[in-house]
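Letter by letter, the chains look like this.
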Amino acid sequence: MSDFVSVTLPQSGPNDVLATLMEWAKARGQWVNQGEVIAVAETTKSVFEIEAPSAGYLFDLTPAGAEAAVGEVIALIAASV
């Protein structure tokens, strides 16, 4: 079993392939609960929230303001620090 869970950029709309990560709602190393909003992303047509897929410590990989592809790993959630 893996010690971390990948957080990928979800697809907001059927034609979306890229999105800009607007902000992280939680700080690096902070504990998050499953389903909690951890980031906000924006495409040309929408702004959407990204929720934690599991509980654990958040470690962002993509900085706020950067563009990411749909399905790209933007963060990891670790069971321990």
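So, how was this worked out
Residues numbered from 1 in each chain as written. Predicted model: local features only at pLDDT ≥ 70, side-chain atom pairs only at ≥ 80, totals over all residues. Heavy atoms only, no water. Helix = DSSP H or I, 4+ residues; strand = E, 2+ residues; numbered from the N terminus. Contact = heavy atoms within 4.5 Å. Polar contact = N/O pair within 3.5 Å; in protein donor to acceptor, adjacent residues only side chain to side chain. Pairing = 2+ DSSP bridges. Axes fitted to C-alpha atoms, helices over the stretch in contact; angles between N-to-C directions. Core = buried A, V, L, I, M, F, W, Y, C linked by side-chain atoms within 4.5 Å. Buried < 20%, exposed > 50% of the residue type's maximum accessible area, 1.4 Å probe, protein only. Salt bridge = Lys/Arg side-chain N within 4 Å of Asp/Glu carboxyl O.

Novice: So what exactly am I meant to see when it comes to the environment of R28 here?
Specialist: Take R28: it is sitting in the loop between β2 (18-24) and β3 (31-32). Remark: the alpha-carbon pair of R28 and A69, spanning 41 residues in sequence, is separated by 21 Å. In this structure R28 touches L58, F59 and D60, once residues within four positions along its chain are discounted. Within the local environment of R28, its side chain forms a polar contact with the backbone oxygen of D60, the two atoms lying 2.4 Å apart.

Novice: Help me understand the sheet that holds strand β5 (residues 47-51) in this model?
Specialist: What the four strands build is an open sheet, ordered β5-β4-β2-β7; its pairing is antiparallel. Where the open sheet ends on each side, the last strands, each with one partner, are β5 and β7 (67-69). Within the sheet, the average angular offset between the axes of one strand and its neighbour, ignoring direction, is 40°. Bridging between strand β4 (residues 37-42) and β5 involves five bridges; their strand directions are antiparallel. Residue pairing for β5: E42 is matched across the bridge by V47.

Novice: Got a minute to help me understand the nonpolar core in this structure?
Specialist: Nonpolar side chains in soluble globular proteins tend to be buried together. V7, L9, W24, I38, I50, L58 and I74 are the most contacted members of the largest nonpolar core, which totals 17 residues. Counting residues per element, the ones that place at least two in this core are β2, β4, β5 and β8 (73-78). Ignoring anything within four residues of it in the chain, the contact list for W24 reads I38, A39, L58, D60, T62, P63, A64, I74 and A75.

Novice: Could you clarify how one ought to interpret the sheet that holds strand β6 (residues 56-60) in this entry?
Specialist: Strands belonging to one sheet form pairs held by backbone hydrogen bonds; the direction of such a pair is parallel or antiparallel. Across the sheet, four strands lie side by side as β1-β8-β6-β3; this open sheet has antiparallel pairing. Looking at the sheet topology across the chains shown, the edges are occupied by β1 (4-8) and β3.

Novice: Can you walk me through the pattern of salt bridges in this structure?
Specialist: A side chain of one charge can pair with a side chain of the opposite charge when the charged atoms of the two come close. Evaluation of the coordinates by the stated rule reveals two salt bridges. Linking E36 and K26 is a salt bridge whose minimum nitrogen-to-oxygen distance equals 2.7 Å. On the criterion of sequence distance, the pair formed by E36 in the loop between β3 and β4 and K26 in the loop between β2 and β3 is long-range, its members being 10 residues apart. Taking relative accessible area as the criterion, E36 reaches 22% and is therefore assigned partly exposed. Salt-bridge contacts for R28 lead to D60; the nearest nitrogen and oxygen are separated by 3.1 Å. Of this pair, R28 sits in the loop between β2 and β3 while D60 sits in strand β6, and the two are 32 residues apart along the sequence. With a relative accessible area of 17%, D60 lands in the buried category.

Any link to function would need more than the numbers given here.
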